[in-house]
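Now for the letters of each chain:
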Amino acid sequence: MSDQEQKVDTARAARLFDVRRVIGGLFTVYGVIVTILGIFDSQEEIDKAAGVRINLWIGLGMLVLGLLFLLWQWLRPAEAPSSPDSPPVD
């Protein structure tokens with residue numbers, strides 16, 4: 001394997017295991033689930049929450065947060081750490 005191929009594989013692994021992707025994905029999935037539950041809340045559940053559709057609002061908040069994490073990861077992708085024997089980048 002050439003040095004260039006190894007750098008590409010290292011960069012790909014760094015992007016794959018970026019924690020922003022995991023957090024964003026989980027918040028997005030849970031946000032969709034809680035939002036759907038909030039849309040179909042019964043009147044009894046709304047009354048329990050002092051008349052607020054709390055599942056709907058929290059689900060939308062989680063969805064927005066998850067999408068912001070994924071957007072952040074897309075706009076500023078992770079870079080592989082430089083090896084100790086490579087010259088520093090200025």
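Check the entry above for the structure.
Residues numbered from 1 in each chain as written. Predicted model: local features only at pLDDT ≥ 70, side-chain atom pairs only at ≥ 80, totals over all residues. Heavy atoms only, no water.

Peer 1: Would you take a moment to explain the overall build of the protein for this structure?
Peer 2: From N to C terminus, the protein includes 4 helices and 0 strands. Looking at the protein as a whole, 18% of its 90 residues qualify as buried. Taking the intrachain contacts of the protein between residues at least 6 apart in sequence as the baseline, contacts between residues at least 24 apart amount to 72%. (Helix = DSSP H or I, 4+ residues; strand = E, 2+ residues; numbered from the N terminus. Buried < 20%, exposed > 50% of the residue type's maximum accessible area, 1.4 Å probe, protein only. Contact = heavy atoms within 4.5 Å.)

Peer 1: What is the right way to read the packing of aromatic side chains from this model?
Peer 2: For any two aromatic rings, the description comes down to two numbers: the centre-to-centre distance and the angle of the planes. What the rule picks out here adds up to 1 aromatic pair. An angle of 55° between the planes, with centres 5.9 Å apart, marks the rings of F69 and W72 as tilted. Placement of both F69 and W72 in helix α4 (residues 54-75) is noted, with a separation of 3 residues, approximately one turn of the helix. Judged by its relative accessible area of 45%, W72 falls in the partly exposed class. It is R20 that lies over the ring of W72; its NZ or CZ is 4.8 Å from the centre. (Phe/Tyr/Trp six-rings, centres within 6.5 Å; stacked < 30°, edge-to-face > 60°. Lys NZ or Arg CZ within 6 Å of the ring centre and 35° of its normal.)

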